[in-house]
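Fold and geometry: a report
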Amino acid sequence: QVQLVESGGGLVQAGGSLRLSCAASGRTLSSYAMGWFRQAPGKDSEFVAAINFRGDNTYYADSVKGRFTISRDNFKNTVSLRMNSLTPDDTAVYYCAANMHWGPGIGEAAEYDYWGQGTQVTVSS
């Protein structure tokens, strides 16, 4: 079992950047593929990005491709999400999640086994 804690959220102006981090404890992060999801008020959870066990394969939602970058440091047991060119549409609670598998369902929330508590990102116009 792994425990996940997100940090780095906050308030930023449109066009700005933020870097979210997800720290893992309880089990080495290299045992999991990792993903980021987000949920805006009144909307369903949305896949954002995922990275495989070694960090040499990534997958992004079309809405963030070219603006967001997911990375991981298995030695530090952390996963990060660098977010550039933020817009108000990026406002949401962002969650990191761990998945014991890397495959076609990597963009599906139901495929993930462990979740953090979330961190709020608010982008002002």
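Here goes a summary of the coordinates provided. This is a predicted model, so every value here is computed, not measured.

Scoring rules and cut-offs
- Residues numbered from 1 in each chain as written.
- Predicted model: local features only at pLDDT ≥ 70, side-chain atom pairs only at ≥ 80, totals over all residues.
- Heavy atoms only, no water.
- Core = buried A, V, L, I, M, F, W, Y, C linked by side-chain atoms within 4.5 Å.
- Buried < 20%, exposed > 50% of the residue type's maximum accessible area, 1.4 Å probe, protein only.
- Helix = DSSP H or I, 4+ residues; strand = E, 2+ residues; numbered from the N terminus.
- Pairing = 2+ DSSP bridges.
- Salt bridge = Lys/Arg side-chain N within 4 Å of Asp/Glu carboxyl O.
- Axes fitted to C-alpha atoms, helices over the stretch in contact; angles between N-to-C directions.

**Examining the nonpolar core**
- Core analysis: the largest hydrophobic core is formed by 37 residues, its most contacted members being Leu4, Met34, Trp36, Leu81, Met83 and Tyr94.
- Looking at this core, the elements with two or more residues in it are strand E3 (18-25), strand E4 (33-39), strand E5 (46-51), strand E7 (68-73), strand E8 (78-83), strand E9 (92-99) and strand E11 (119-124).

**A short note on the pairing of E4**
- With six of seven residues buried, E4 is to be regarded as a mostly interior element.
- As paired strands, E4 and E9 are joined by seven bridges and run antiparallel to one another. Directly across from Ala33, in E9, lies its bridge partner Asn99.
- Bridge count between E4 and E5: five bridges; the pairing is antiparallel. When the sheet's bridge partners are listed, Phe37 is paired in E5 with Phe47.
- Here E4 hands over to E5 after six residues, with Gly42 in that stretch at a positive phi of 75°.

**Focus on the pattern of salt bridges**
- Overall, the coordinates contain five salt bridges when judged by the stated rule.
- Notably, a salt bridge pairs Glu46 with Arg38, separated by 2.8 Å at the nearest N-O pair.
- With its nearest N and O atoms 3.1 Å apart, the salt bridge here joins Asp62 to Lys65. Accessibility classification places Asp62 together with Lys65 in one group, the exposed group.
- Taken together, the salt bridges that share partners define one network made up of Arg38, Glu46, Arg67 and Asp90.

**Considerations on the sheet that holds strand E1 (residues 3-7)**
- Strands sit in the order E1-E3-E8-E7 across an open sheet of four strands; the sheet is antiparallel. Whereas interior strands pair on both sides, the edge strands pair on one side only; in this sheet they are E1 and E7. The sheet shows a mean angle of 15° between the axes of neighbouring strands, direction not considered.
- Where E7 and E8 come together, six bridges link them in antiparallel fashion. Of the residues in E8, the one forming a bridge with Ser71 is Ser80.

Geometric descriptors of this kind do not, in isolation, establish any biological role.
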